[in-house]
Structure formats: structure tokens, C-alpha cells
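An overview of the molecular structure
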Amino acid sequence: MLKKKKTFNYLFILLAITFASCGSSDNGSEDGEMQEIVKDNISPVISCPESITLNVDVFTNETQVNYTTPVGTDNLDGAVTTQTAGLPSGGLFPVGTTINTFSVKDAAGNTSTCSFDVIVTQDEASENMPYFISSNPTPSGKKWAKLDNMSDEFNGTTFDDAKWHRNPSTDGFGWIGRFPGLFESDNVTVADGNLNITTEKFTSPKNVNRLDWTHGGAIVRSKEKAKQGNFYECRMKANKTIMSSTFWISFKQNCSTGPVRKLELDIQECVGRVHSNTADWAKDYANVFASNTWRHNRSCDTAFDESKQSPSKTVLTEENNSRYFVYGCWWKSSTEILFYLDGELTHSILNPPADFDLEGHLTMAIETYDWNPVNPDGDIFNTGSFDDLTTKYDWIRSWKLENL
């Protein structure tokens, strides 16, 4: 019995030694010690080409661009490169800036990226024809001829009194402003290639016609008359105040000699800032291309007992004071008026509330409105720079169609 127990103990020891031997590993090492697994912490490398800039003509809004597609490299095999933004080489790139981004990822998950721009610029508006992009609506057999007496590049430092009125007491309309904004001719200047119409808040109110006016603007009108069939455009940057920046056609009305119809053709009407007291319908008027046609109610115009309008607009993604925009209008006929923004047709007015077959005057009015009232909160009249307070017209151009 004792001998069997001793044999059993020998077997137990043998099994323990065998188990310990099986549980060890030298992982291929000569000395049998555990080797540490090395982790890949090295990021791959990728390099993009330099930014590409090219120019296209005014009738092209996209163009094919070829470039060398970036491919990333890594210290180990398995890196993959993908484009995460932009357009591939050989794609049609639109006017503007397209950011192209490429990313490379290795097998361990490390990534690197690079980016470059493709900048497509477009020819600016020509002094030889209206500004059209993508398509040219000029009728076959016709060409556009500039109307010099209603066009101005505003170069130099002298206001052209032969072309424009800036004194409301002499333009034949008898309108001195929309209270509390008074039209004052000394707010109109020409400098730095612009017609400048500057807004102001008076140090103390000015009493005119028994009213205390608190703010100043101005109005400029063409001496030559605008007519249907013609194209009118301006390059304008709005001021940043609650006051307006406008480009429109005003029509005289006379109950005795006619015309008795009082019309108004608004090409662009916006403001520099809206606020909590702005009328609900005008909440987007700091970033809008807003056009309208009016037949105003007048006592001798018995065809209407109230003013009638036919508005149309394009809401912008930018504020009107953020840059210069080109606002255009083809007053094509008495019942069809087309509106262009930066050379593109954006909206139209068909069959307005009256036949627009009268002759009017190009008008640039900077005024106050009751629907966007003077609001002391956030007003910049006391702190704003000249640029903040000024509506700037880089140029105004008028065109008529002629036979080739």
C-alpha cells in the first residue's frame, strides 16, 4: 500500500513539470524571453499641388480643370488615398473657389490630409455691352449701344451735373425725403471711382416744412429719360445702416397735363440693417434683390382707388453691404420686365398693375422707412466709418438695342 502512494506522487510531479513546460513560449526568440510587438505610430505622407487659378469669359460659368491627383505614401504597405472634398481631376469646376481635400490612411489607422484650391474667375462686366453670364439674351440681328447721357463710370472727383440731379429742389419732383430722413445734396460725392451717397444722423434735428428731421440721406436722378426696351444696370454696394440703398426708375405725374398714371419701377431696393422692429415682410431686406412695379393711387387717376403693386425678389445668401453686386433690369416691354443679378436672370415681373409705357428717370435714393424705423439699438451713425455709412455706385450703365 505504501509503495503505490509513492508511485502516485512521482506521477503528479511529472505531470506538473510537463504542464509548466507546455505553458511557456519563446516566441521564436533564441533565449526564450517574450518579445514586445511594435505598434505603427508613423503617419503616412501626402502632398497636394499648388492652388490653380484660371479665368473664363462672361458667358461661361464652369470649366474643365485637370490636375495631378495626390497619392499618399507610407512606411508600410496598405495605405489608401481618398478624395473627401471638391471635384476630381477632369471635372467641371464652377466660377468661384472649390476646395479639394485628399486623405491617406494606413493599415494602422494613421491619417494625413492635404488641400488645394481651384479658383475660377470670370471676366468682369464689359463697358461695351450689358453684363450677361451663361447666356446672352440679345435678340438676333441686334446689338446693345450705350446711352452715354445715362451712363457714368464715376472716375475722377467731379460730380457730373450735366447728367444727374442731386438737388431735390431742382429735379422737378418736389420730394425732399421720407421723414425723418432728409435729402441733402452735400451727401453726394464722387471719389475713388464711386458715386458716394452718405447717410448721417444730425447733431440736432433740422426743422424743414415744420418737421424736425433727424437723419440725412440724398437722392440722385438722371436728367435723361429712361424708356421701355432698354437695359439699365449698376454696380452697387449698400451702406450698413437702417437706411436704404436703391436703384430704380421714377415717373412724373401731373393731373393737369398728364400723365395721370403715377408709376414706379423698382430695380433694387434694400436696407443695410434690419432689427426687431422691422416689418415681418421685410425681415430679409438686408440680403435681398427686391424689385417691384407700382401704380400709385392719385386723386386724378380714377382707374384705381388704391395703390397696386406687383413685386418680385431673390433672397441672397450674402448681405447687400458685404460686397459690390451688379443689379440689372431689361425693361423689355410695357408688360415684361426682367431682372439680372451679377449677370444672371433671377426673377421677372409680367403683367404689372399698369402698362409701363411711360418715360421715367433713373433714381438712386438713400432714405428712411417706417417699415424699418430708426432704432437706437445697434445704430452705427455715430461710430461707423465712411464706408459703413455710404452707399457706393461703382458705375451706372444704360443700353438700347440697335440693328447690327
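Residues numbered from 1 in each chain as written. Predicted model: local features only at pLDDT ≥ 70, side-chain atom pairs only at ≥ 80, totals over all residues. Heavy atoms only, no water.

A few points about the overall build of the chain
Selection rule: Labels follow the DSSP assignment, with helices taken as runs of H or I lasting at least four residues and strands as runs of E lasting at least two, numbered in each case from the N terminus. The buried label applies to any residue whose accessible area, calculated with a 1.4 Å probe on protein chains only, is under 20% of its type's maximum; exposed applies above 50%, and partly exposed to all values in between. Any two residues whose heavy atoms approach within 4.5 Å are treated as being in contact.
A count of helical and extended segments in the chain gives two helices and 25 strands. Expressed along its principal axes, the backbone C-alpha trace of the chain runs to roughly 145 × 55 × 45 Å. Per-residue burial for the chain yields a buried fraction of 44% across its 404 residues. Sequence-distant contacts, at least 24 apart, represent 70% of the contacts inside the chain between residues at least 6 apart.

Section: the pairing of strand β25 (residues 390-403)
Cut-off, in case you're wondering: One requirement defines pairing of two strands: DSSP has to find at least two bridges between them.
By the criterion of burial, β25 is predominantly enclosed, with 10 of the 14 residues buried. In terms of strand pairing, strand β15 (residues 231-237) meets β25 through seven bridges, oriented antiparallel. In the sheet register, Arg235 faces β25, and the bridge partner there is Trp395.

With respect to the confidence of the model for the chain
Put simply, the rule reads: Here pLDDT means the predictor's own confidence in every residue, given as a number from 0 to 100.
Averaged over all residues, the pLDDT of the chain equals 90, while 90% of them reach at least 70. Confidence drops under a pLDDT of 50 for residues 1-34, and excluding neighbours within four residues, the segment shows five contacts in the predicted structure.

Section: the state of the cysteines
Put simply, the test is: Cysteine sulfur atoms that pair up within 2.5 Å are treated as a disulfide.
Counted under the stated rule, the structure contains two disulfides. Here Cys48 pairs with Cys114 through a disulfide, and the sulfurs are 2.0 Å apart. Taking the sign of the torsion about the S-S bond as the criterion, the disulfide between Cys48 and Cys114, at about 70°, is right-handed. Here Cys48, found in the loop between α1 (2-22) and β1 (52-56), pairs with Cys114, found in strand β6 (residues 111-122); they are 66 residues apart in sequence, far enough to count as distant. Covalent S-S linkage joins Cys255 and Cys300, the inter-sulfur distance amounting to 2.0 Å. One quick way to see it: the torsion about the S-S bond of Cys255 and Cys300 is about -75°, and its sign makes the bridge left-handed. In this pair, Cys255 sits in the loop between β16 (244-250) and β17 (262-271) while Cys300 sits in the loop between β18 (288-296) and β19 (308-309), placing the two residues 45 residues apart along the sequence. Numbered in order of appearance, the disulfide-bonded cysteines of the chain are paired 1-2, 3-4. With no disulfide of its own, Cys234 lies closest to Cys270 among cysteine sulfurs, the gap being 9.8 Å.

Re the packing of aromatic side chains
To keep it simple, the criterion reads: Here a pair means two rings of Phe, Tyr or Trp (six-membered ring of Trp) with centres within 6.5 Å. Their orientation is stacked below 30 degrees between planes, edge-to-face above 60, and tilted elsewhere. The criterion is that NZ of a Lys, or CZ of an Arg, lies within 6 Å of the ring centre and within 35 degrees of the ring normal, and then a charge sits over that ring.
Taken as a whole and assessed by the stated rule, the structure comprises 20 aromatic pairs. Taking the centre distance of 5.9 Å and the plane angle of 70° together, the rings of Trp144 and Phe231 count as edge-to-face. Remark: Phe231 occurs in strand β15 and Trp144 occurs in strand β7 (residues 142-146); sequence separation between them is 87 residues. Phe231 shares its class with Trp144; the two are buried. Following the ring pairs from residue to residue traces out a cluster consisting of Phe132, Trp144, Phe231, Trp330 and Tyr340. The residue whose ring lies beneath Lys206 is Phe202, and the NZ or CZ to ring-centre distance is 4.6 Å. Looking at Arg221, its charged tip hangs above the ring of Phe173, at a distance of 3.7 Å from the centre.

Things to note about the pattern of salt bridges
Put simply, the rule is: Whenever a carboxyl oxygen of Asp or Glu lies within 4 Å of a side-chain nitrogen of Lys or Arg, that contact is scored as a salt bridge.
Evaluated as defined, the whole model comprises 17 salt bridges. Linking Glu367 and Arg178 is a salt bridge whose minimum nitrogen-to-oxygen distance equals 2.8 Å. Remark: Arg178 occurs in strand β9 (residues 177-178) and Glu367 occurs in the loop between β24 (361-366) and α2 (386-389); sequence separation between them is 189 residues. Each of Lys146, Glu153 and Arg397 takes part in one network of salt bridges that share partners.

Some words on the nonpolar core
The nonpolar side chains of a soluble globular protein tend to be buried with one another. So the rule is basically this: In this description, a nonpolar core means a group of buried Ala, Val, Leu, Ile, Met, Phe, Trp, Tyr and Cys residues linked to one another through side-chain atoms lying within 4.5 Å.
Membership of the largest hydrophobic core comes to 42 residues, with the highest contact counts inside it found for Ile197, Tyr232, Ile249, Leu265, Trp331 and Tyr393. Counting 12 residues, the second-largest nonpolar core is a separate cluster that includes Val56, Tyr67, Val118 and Val120.

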